[in-house]
Amino acid sequence: MTETPNLIYIKELAAGSTDFEQKLIGIVKREFPEEQNEFLTNYNSKAFTKAAENVHKLKHKIGMFGFESGYQIAIDFEEGLKENNPSLFAEFMLILESIENFLKTI
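Computed from a predicted structure; not experimentally measured.

Visitor: Quick question: what am I supposed to make of the side chain of Glu-35 here?
Guide: Following the sequence through the fold, Glu-35 ends up in helix 2 (residues 18-44). Side-chain polar atoms of Glu-35 contact the side chain of Lys-61, separated by 3.1 Å. Setting aside anything within four residues of it in sequence, one finds Glu-35 in contact with Lys-57, Leu-58 and Lys-61.

Visitor: Mind showing me how you'd approach the packing of aromatic side chains here?
Guide: Aromatic rings considered in pairs are described by the distance between their centres and by the relative angle of their planes. Considering all chains together, one arrives at 9 aromatic pairs under this definition. Seen in terms of ring centroids, Phe-39 and Tyr-43 are 5.8 Å apart; in terms of plane orientation they differ by 35 degrees. Their pairing is tilted. Note that Phe-39 and Tyr-43 are positioned in helix 2 at a spacing of 4 residues, about one turn of the helix. For the residue pair Phe-39 and Tyr-43, the accessibility class agrees, reading buried in each case.

Visitor: What should I look at first to understand the packing of helix 2 against helix 5 (residues 89-103) in this one?
Guide: How two helices pack is summed up by the angle between their axes together with the distance between the axes. Axis separation between helix 2 and helix 5 bottoms out at 11 Å; the angle between their running directions is 155 degrees. Between helix 2 and helix 5, the angle is such that the two are roughly antiparallel. Handedness of the helix 2/helix 5 crossing: left-handed. Contacts from Val-28, Lys-29, Phe-32, Gln-36, Phe-39, Leu-40 and Tyr-43 of helix 2 reach helix 5 at Phe-89, Phe-92, Met-93, Leu-96, Ile-99, Glu-100 and Leu-103.

Visitor: What's the story with unusual backbone geometry in this structure? I'm lost.
Guide: Most peptide bonds are trans, and most residues other than glycine sit at a negative phi. Positive phi outside glycine occurs at Ala-15, with the angle close to 50 degrees. Its location among the elements puts Ala-15 in the loop between helix 1 (8-14) and helix 2. With relative accessibility at 68%, the residue Ala-15 sits in the exposed group. Look at Lys-46: it is not a glycine, yet its phi comes out positive at around 60 degrees. For Lys-46, a relative accessible area of 63% translates into the label exposed.

The rules behind these values
- Here the residue numbering is sequential within each chain, running from 1 through the sequence in written order.
- Local features in this predicted model are restricted to residues whose pLDDT is 70 or higher, and side-chain atom pairs enter the listing and the counts only when it is 80 or higher, whereas totals over whole chains, interfaces and linings include all residues.
- Note that the side-chain values use all heavy atoms of the structure and ignore hydrogens as well as water.
- Note on conventions: DSSP H or I runs of at least 4 residues are helices, E runs of at least 2 residues are strands, and numbering of each starts at the N terminus.
- Polar contacts here mean pairs of N or O atoms no more than 3.5 Å apart (in protein, one a potential hydrogen donor and the other a potential acceptor; neighbouring residues in sequence count only if both atoms are side-chain atoms).
- Residues count as neighbours in contact if any of their non-hydrogen atoms are within 4.5 Å of one another.
- Each Phe, Tyr or Trp ring (for Trp, its six-membered ring) is paired with any other whose centre lies within 6.5 Å, and the angle between the two planes then decides the class: stacked below 30 degrees, edge-to-face above 60, tilted in between.
- Relative accessible area decides the class of each residue, using a 1.4 Å probe on protein chains only: under 20% of the type maximum gives buried, over 50% gives exposed, and in between gives partly exposed.
- Angular values range over 0 to 180 degrees, each being the angle between N-to-C directions of two axes fitted as lines to C-alpha atoms, with helices fitted over their stretch in contact.
- For classification, angles of less than 35 degrees are called roughly parallel, those exceeding 145 degrees roughly antiparallel, those between 65 and 115 degrees roughly perpendicular, and all remaining angles oblique.
- Rotating anticlockwise by less than a right angle from the far helix to the near helix defines a left-handed crossing, while the corresponding clockwise rotation defines a right-handed one.

Here is the structure:
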């Protein structure tokens, strides 16, 4: 995976407001692990329809952190899960792990 998470989009949204930027980062830091855990629970239970719903939520955070091809992987993975095809799991997990590690540094 060549993409790495960044704060460019969040900084654009904040338009110079460090308070807003920090609030947004705080929300993502709180929500991301919860959404990731819920996804993994559903995925491991082979509840692929529910896992697809989790991916739908997570893909917005993936886009927020500057992943362009990662966002497309999330879209494709979501659609695959709806058809009981989890073939993009490993690629999706690399993206989630990258974001998880990034969130520990900001």
